[in-house]
Amino acid sequence: MLNKNVAPVYLDYAATTPVDPQVAEAMSGYLTVGGIFANPSSIHAAGRRSAAAVETAREQLAGLLNVSPHELIWTSGATESVNLGILGAARYRSDRGKHLITMPTEHKAVTDTFQALEREGFDVTYLMPDRNGLLALDEFEAAIRHDTQLVSVMHVNNETGVIQDIRRIGERCRERDILLHVDAAQSVGKLPTDLSVLPVDLLSLTAHKLYGPKGIGALYMADRPACHVLPLFHGGGQERRLRPGTLAVHQIVGLGAAAALAKSRQVEDLMHLQGLEARLWSGIGNIPGILRNGSETESFPGILSVSIEGIEGESLMLALEPLCVGSGSACNSRNRESSAVLRALGHDDALVQSAIRFSFGRGTTNDEIDLAIGCYADAIKHLRAISPQHARTA
Ligand SMILES: *Cc1c(COP(=O)(O)O)cnc(C)c1O
């Protein structure tokens, strides 16, 4: 077993990433009296400098997504973007129809928002994925009705790394005048996301999964007549009155800087992740009873989720104390609610509870992966040695 006194190895980049030092440096110029701190809504010279910084950041983010800057709305993060995009668009176009389609494997931000719409009288179809976590396109087409107005499917799944075929889903939506919202919190800046060619109407993202600060995100809203949202908040005229409130200039600058950095490093970052994932899987993939969650082929290399037979989840998490990893109850590990994403793959409770999500990023080293391999392998060996079956025969 690893020495419990060593600093834990952080392998939870899917939960959040550290802020890149270059991003923190950029942000620090927008806070204090010597910096650009004025309210960007003020018309005086200092305010105009803040407003210019906000627009530069918008251009940086637009450059990453290949969209027009005016198609981006600043929010507090992906949860708010998802709420604004889905609630806002569904309510705006409710005369087009009240049927909506999504999947039970979406992030809570999405599924809870759809449940809120059900309480408002919308009718939601939750399409189960196949055993690899993917949306079956034929089932999707069969679920579309004349009154379907909005679909939401995520790009990269936060628990398994499964990548949905956004292009083909979007093409089917466009043919039928249905809007597509994509939760891209896990993929923006990591996988190529060219919205000038992808048929996506609304897309949610957040800075803190992208080496930017927490508490800032954006909603992309395509410049098409059918695509519009009703605001959730009311107040000033900021962000075309769709998201009023004083803009968080330092946070916005941080997201802009993170986007520019991600664009310049995308190929390098992705190759780094591919190397780490291959190393991790070659180190643990031969352990008897181990099972990779999600798709072998349609998978983002920054996330590797595994379940294991005959191991109790809670004991495993305790044994993995030197590692900061996600568990089978993933984002909800505090309330021990078992993962809907893993259950949707057809796993029984034990397999869901034994799931471990390793996620890594720019700062992860081969040495850390090797430590994780050793720690995981030792934990399994130890837990199998002390399991009741073994004790009885001993
Ligand atoms: C992290 C995450 C969110 C929530 O983002 P916040 O900025 O924390 O609100 C939503 N969807 C997915 C897929 C995520 O990974």
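All of these numbers come straight from a predicted model, not from anything done at the bench.

### Re the overall build of the chain
Secondary structure summary: the chain contains 12 helices and 13 strands in total. On C-alpha atoms alone, the chain measures out to a radius of gyration of 22 Å, which is about the 21 Å that the 2.2 N^0.38 rule sets for 394 residues. Reported as C-alpha extents along the three principal axes, the dimensions of the chain are approximately 80 × 55 × 35 Å. Expressed as a percentage of the 394 residues in the chain, the buried residues total 55%. Summarising the internal contacts of the chain: among those between residues at least 6 apart in sequence, 73% fall at separations of at least 24. Working note: accessible area of the chain is about 16,700 Å², and carbon and sulfur atoms make up 52% of it.

### Brief notes about the sheet that holds strand β13 (residues 356–359)
Across the sheet, 4 strands lie side by side as β9-β10-β13-β12; this open sheet has antiparallel pairing. The sheet terminates laterally at β9 (290–292) and β12 (326–327), the two strands that pair on one side only. Summarising the sheet, β12 and β13 pair through 2 bridges and their orientation is antiparallel. Within the sheet, the bridge partner assigned to S327 lies in β13 and is I356. Strand contacts of helix α7 (residues 249–284): β9, β10 (303–308) and β13, with the helix running at about 15 degrees to β10, the strand carrying the most contacts. Across the sheet, helix α11 (residues 366–385) touches β9, β10 and β13, and the angle it forms with β10 is around 10 degrees.

### Topic: the site of the ligand
Taken together, G77, A78, T79, H107, M154, N158, D183, A185, Q186, T206, H208 and K209 form the complete shell of residues around the ligand. The contact in question runs from an oxygen atom of the ligand to an N or O atom on the side chain of T79, over 2.5 Å. Contact distances for the ligand include 2.7 Å between a nitrogen atom and a side-chain N or O atom of D183. Protein burial of the ligand: of its 380 Å² of free accessible surface, 86% is covered by the chains. Looking at the shell around the ligand residue by residue, the classes come out as 3 nonpolar, 7 polar and 2 charged.

### Notes on the side chain of T16
If you trace the backbone, T16 turns up in the loop between β1 (9–10) and α1 (21–27). A relative accessible area of 15% means that T16 is categorised as buried. Among all residues touching T16, those that are not within four sequence positions of it are Y10, H208 and K214.

### A few points about the domain arrangement of the chain
The domain architecture assigned to the chain consists of domain 1 (9–18 + 265–386) and domain 2 (21–261). One C-alpha centre belongs to domain 1, the other to domain 2, and the line joining them spans 28 Å. Contacts between the two partners involve 31 residues from domain 1 and, on the opposite side, 32 residues from domain 2. Roughly 2,700 Å² of surface becomes buried between domain 1 and domain 2 when both sides are summed, with 53% attributable to carbon and sulfur atoms. At the junction of domain 1 and domain 2, the tally comes to 0 salt bridges. Run the count over domain 1 and domain 2 and you get 13 residue pairs in polar contact (both at pLDDT 80 or more). Of the residues in the side of domain 1 that touches domain 2, the class split is 14 nonpolar, 12 polar and 5 charged.

### A short note on the pattern of salt bridges
Working definition: two side chains of opposite charge can pair if their charged atoms are close together. In this structure the tally under the stated criterion is 21 salt bridges. Note that R91 and E120 form a salt bridge whose closest N and O atoms lie 2.5 Å from each other. Taken together, the residues span a long stretch of sequence, with R91 in helix α3 (residues 78–92) and E120 in the loop between α4 (108–119) and β4 (123–126) at a distance of 29 residues. For R91, a relative accessible area of 31% puts it in the partly exposed group. The class of E120 is partly exposed, set by a relative accessible area of 36%. A salt bridge links R145 to D147; the shortest N-O distance between them is 2.9 Å. Salt bridges linked by common partners bring D20, R265, E268, D269 and R362 together as one network.

### Description of α11
Over its 20 residues, α11 runs 28 Å from end to end, which matches the ideal 28 Å to within 8%, given 1.5 Å per residue. Along α11, the residues that are buried comprise I369, A372, I373, C375, Y376, A379, I380 and L383. If you follow the buried residues of α11, they end up packed against α7, β9, β10, α8 (313–319), β11 (323–324) and β13.

Cut-offs used in this document
- Residues numbered from 1 in each chain as written.
- Predicted model: local features only at pLDDT ≥ 70, side-chain atom pairs only at ≥ 80, totals over all residues.
- Heavy atoms only, no water.
- Helix = DSSP H or I, 4+ residues; strand = E, 2+ residues; numbered from the N terminus.
- Rg over C-alpha atoms; globule rule 2.2 N^0.38 Å.
- Buried < 20%, exposed > 50% of the residue type's maximum accessible area, 1.4 Å probe, protein only.
- Contact = heavy atoms within 4.5 Å.
- Areas by Shrake-Rupley, 256 points an atom, 1.4 Å probe, with all protein chains shown as cover.
- Pairing = 2+ DSSP bridges.
- Axes fitted to C-alpha atoms, helices over the stretch in contact; angles between N-to-C directions.
- Near = heavy atom within 4 Å.
- Polar contact = N/O pair within 3.5 Å; in protein donor to acceptor, adjacent residues only side chain to side chain.
- Nonpolar A, V, L, I, M, F, W, Y, C, P; charged D, E, K, R; others polar.
- Domains from an automatic or database assignment.
- Buried area = accessible area lost by both parts, 1.4 Å probe.
- Salt bridge = Lys/Arg side-chain N within 4 Å of Asp/Glu carboxyl O.
- Expected span 1.5 Å × (residues − 1).

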